[in-house]
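One-letter residues, chain by chain:
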Amino acid sequence: MLDVVLKGGLIVDGSGCCSVHTDIAFAADRVVRIGDCTGADARLQLDVGGLVVAPGFIDMHGHSDEVLLVLPAASSKLQQGITTEVGGNCGASPAPLSSTALAEKTDEMRRHYDMRPEWTDFEGFFHSLEQTRPAINFCCLAGLGTIRSALDLISGAPLDRDGVKRAQALVREACEQGAIGVSSGLIYPPGNAADSGELVELAKAAAAAGSALYASHIRNEGDRLIEAVDEAIEVGQRSGCAVQLSHHKASRRRNWGKVHDTLARIDRARDRGLDVVVDQYPYKASSTGLDVLLPEDVNVGTRAEVAARLVDPRYAALVAARVELEHGERWNDVVVASVASEGNRRFEGQTLAAIAQATGRTPVDALLRLLVEETLDVGAIFFTMCEDDVRTVLSYRQTCIGSDAVAQATEGITARGKPHPRTFGTFPRVFKRYVRDSALLSLEEAVRRATSLGATRLGLRGRGVLAEGAFADAVVFDPARIADTATYERPQQYPLGVVHVFVNGTAAIRDGVETGARTGRVLRRGRDL
Ligand SMILES: [Zn+2]
């Protein structure tokens, strides 16, 4: 007895080449047949003529982490066709939690979700997640910033020998508990204090524990982009880790075009035998904390400490002058996306220039005041890239798709602020804008970027492809209709054209509607991959 038969779709199997019009059948959590299923008995038979059947999309760069406990339905992900998310990116992971890492996570979860973390290590987090039964599969990197915080090593200096040893022990423990590798976020404190030597030592510990993947939000995506890419490649080379360059881009006009050079460097590293790939979200704006505009030597210590120092008017004036010098021409290009406090909610969706005007302050004073009032916890969108570069990176053969987003829904506790539209639109946008509208990628190649390329990189067994014996993670979409609808002005909108989504053989979306089935799994290194 089969559980599901999808009849007459175009099977795009994830490999990048063959697509074929035929049937596909699932039994329990597996694909059991690709081919004519006429006459087969199945609990659920769906006519998918005219639709594409692809492996479920793999979000190579996500930040849902503990938010999956708040929103196990993971609606913004699922509705894009995402069936697996890689979390723990940019140096920040949901574990390990102790010391400063525990205090900051506790504070953040309390303010945003009125919850508290009830785990301290990866095993505990994974257990909590399994109890919550998420709708999508989840695997996780160990964030090197979080590990520093968990050891209270937040001074702003590279770790000494003892610090490296203690951090290595936490990396080892995380990997033994199933983390798939390590991530660095080299613009975020405290991880940005690491020098290359420290990164190599910590990546080595991951490789020794069998999780040989180093994912990096590199040290600089603008004026020093090339040097930063070289550093990530060097860390991979010296540590024995594969390298994943996160959300690859060139920031700010004067750096546009540099991605040609970085991709050439990646090719040369690959020719030398190093495994390097990149991920990307297909938009011209980036999004992260507003505090990245602070000079590096100002953004040192906990958020509360940095905010407290900025209260002193003389210190704030010095900082303001430096921020104005570095970022003074950007105030129309930086938009506040989210704040935690009710009083500042009216600024969500506004540029810093507009906030300045509304409050009668200079933009830089408005910026610093907001950071202080929100204890640095302000999300922002930065219009900083060009379309040519987005297309150059997307057309590179080793580019996976990653949303760089936290799961949200259009209503409920997570539906806050004006998040980057990538949150709701990344994968459908690739198929609308770059497959259907401009033919930058073939359908088969776009599916490969969204599925098997990432699965291979992660070593995910039986996912990222449609083949007999593989897990039945699948998305069925209408190639003529699939489209993102999320905009910068109205980001909280689900995409169009995603018809059915199956996670481990069960329909999580049927006829465009979430079924409420939550059959995602935690994927652990050593057990599932
Ligand atoms: Zn990042």
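What counts and what doesn't
- Residues numbered from 1 in each chain as written.
- Predicted model: local features only at pLDDT ≥ 70, side-chain atom pairs only at ≥ 80, totals over all residues.
- Heavy atoms only, no water.
- Helix = DSSP H or I, 4+ residues; strand = E, 2+ residues; numbered from the N terminus.
- Rg over C-alpha atoms; globule rule 2.2 N^0.38 Å.
- Buried < 20%, exposed > 50% of the residue type's maximum accessible area, 1.4 Å probe, protein only.
- Contact = heavy atoms within 4.5 Å.
- Areas by Shrake-Rupley, 256 points an atom, 1.4 Å probe, with all protein chains shown as cover.
- Pairing = 2+ DSSP bridges.
- Axes fitted to C-alpha atoms, helices over the stretch in contact; angles between N-to-C directions.
- Parallel < 35°, antiparallel > 145°, perpendicular 65-115°, else oblique.
- Left-handed = near helix turned anticlockwise from the far one by under 90°.
- Nonpolar A, V, L, I, M, F, W, Y, C, P; charged D, E, K, R; others polar.
- Salt bridge = Lys/Arg side-chain N within 4 Å of Asp/Glu carboxyl O.
- Phe/Tyr/Trp six-rings, centres within 6.5 Å; stacked < 30°, edge-to-face > 60°.
- Lys NZ or Arg CZ within 6 Å of the ring centre and 35° of its normal.
- 1 Å grid on protein atoms, 1.4 Å probe; cavity = no way out; pocket = protein on both sides within 12 Å on 5 of 7 lines; lining within 4 Å.
- Points joined across faces, edges and corners; volume = space filled by probe spheres on them.

### Section: the overall build of the protein chain
So, step 1. Within the protein chain, the regular secondary structure consists of 17 helices and 21 strands.
So, step 2. By the compact-globule yardstick of 24 Å for 529 residues, the protein chain fits well, its C-alpha radius of gyration being 22 Å.
So, step 3. Overall size of the protein chain, expressed as C-alpha extent along the three principal axes, is 80 × 50 × 45 Å.
So, step 4. Within the protein chain, buried positions represent 60% of all 529 residues.
So, step 5. Excluding contacts between residues fewer than 6 apart, the proportion of contacts in the protein chain whose partners are at least 24 apart in sequence is 77%.
So, step 6. With an accessible surface of roughly 19,200 Å², the protein chain has 49% of that area assigned to carbon and sulfur atoms.

### Re the sheet that holds strand E14 (residues 285-289)
So, step 1. The strand order across the open sheet built from three strands is E14-E16-E15, with neighbouring strands paired in antiparallel fashion. Looking along the sheet, the strands with just one partner apiece sit at the ends: E14 and strand E15 (334-338). Along the sheet, successive strands turn relative to each other by an average axial angle of 30 degrees, direction set aside.

### Some details on the packing of helix H7 (residues 196-208) against helix H8 (residues 225-239)
So, step 1. With their axes 8 Å apart at the nearest point, H7 and H8 run at an angle of 45 degrees to one another. Between H7 and H8, the angle is such that the two are oblique. In terms of crossing hand, the pair formed by H7 and H8 is right-handed. On the side of H7, the interface is formed by Ser196, Gly197, Leu199, Val200, Ala203, Lys204 and Ala207, while H8 contributes Glu231, Val235, Arg238 and Ser239.
So, step 2. Taken together, the residues that form the contact of H7 with H8 break down as five nonpolar, three polar and three charged.

### So, unusual backbone geometry
So, step 1. Of note, the bond from Ala95 into Pro96 is cis; its omega dihedral lies within 30 degrees of zero at -5 degrees.
So, step 2. Examined against the element boundaries, Pro96 turns out to sit in the loop between strand E7 (82-87) and helix H3 (99-113).
So, step 3. The omega torsion across Pro189 and Pro190 is 0 degrees, close enough to zero to call that bond cis.
So, step 4. Within the secondary structure, Pro190 is located in the loop between strand E10 (182-185) and H7.
So, step 5. With a phi close to 45 degrees, Ala74 is a non-glycine residue in the positive phi region.
So, step 6. As for its position among the elements, Ala74 is in the loop between helix H1 (67-70) and helix H2 (75-78).
So, step 7. A residue is classified by how much of its surface remains accessible, and Ala74, at 0% relative accessible area, is buried.
So, step 8. Positive phi, close to 50 degrees, is recorded for Asp511, a residue that is not glycine.
So, step 9. Within the secondary structure layout, Asp511 lies in the loop between strand E20 (506-510) and strand E21 (513-514).

### Let's talk about the pattern of salt bridges
So, step 1. Within the structure shown, the criterion is met by 41 salt bridges.
So, step 2. When the shortest N-O distance is used, the salt bridge between Asp29 and Arg521 registers 3.0 Å. You can see Asp29 sitting in the loop between strand E2 (19-27) and strand E3 (30-34) and its partner Arg521 sitting in the segment after E21, a full 492 residues away along the chain.
So, step 3. Asp107 is the salt-bridge partner of Arg110, the closest N and O atoms lying 2.7 Å from each other. You can see Arg110 and its partner Asp107 sitting in helix H3, three residues apart, about one turn around the helix.
So, step 4. Each of Asp107, Glu108, Arg110, Arg111, Arg303 and Asp377 takes part in one network of salt bridges that share partners.

### Notes on the packing of aromatic side chains
We describe a pair of aromatic rings using the distance from one ring centre to the other and the angle between the two ring planes.
So, step 1. Under the defined criterion, the tally for this structure stands at eleven aromatic pairs.
So, step 2. Seen in terms of ring centroids, Phe57 and Phe477 are 6.2 Å apart; in terms of plane orientation they differ by 50 degrees. Their pairing is tilted. Here Phe57, found in strand E6 (residues 57-59), pairs with Phe477, found in strand E18 (residues 474-477); they are 420 residues apart in sequence, far enough to count as distant. Each member of the pair, Phe57 as well as Phe477, is classed as buried.
So, step 3. On the numbers, 5.6 Å between centres and 55 degrees between planes, the contact of Phe424 with Tyr494 is tilted. Note that Phe424 is positioned in helix H15 (residues 422-437) and Tyr494 in the loop between E18 and strand E19 (498-503), a separation of 70 residues in sequence.
So, step 4. In this structure Phe424 comes out as buried when scored by relative accessible area, which is 0%.
So, step 5. By the ring-pair criterion, three or more aromatic residues cluster together here, those being Trp119, Phe122, Phe125, Phe126 and Phe138.
So, step 6. Here Arg30 stacks its cationic end above the ring of Phe471, 3.9 Å away from the centre of that ring.
So, step 7. We note Arg422 situated over the ring of Tyr281; from NZ or CZ to the ring centre the distance is 4.5 Å.

### Re empty space enclosed by the protein
So, step 1. Taken as a whole and assessed by the stated rule, the structure comprises three cavities of 30 Å³ or more.
So, step 2. A volume near 70 Å³ is recorded for the largest cavity.
So, step 3. His248, Lys249, Ala250, Val259, Gln280, Tyr281, Tyr283, Met385, Cys386, Asp389, Val390 and Val393 are the residues that line the largest cavity.
So, step 4. Broken down by element, the residue count for the lining of the largest cavity peaks at three residues, all from helix H14 (residues 387-394).
So, step 5. Within the lining of the largest cavity, the residues separate by chemical class into eight nonpolar, two polar and two charged.

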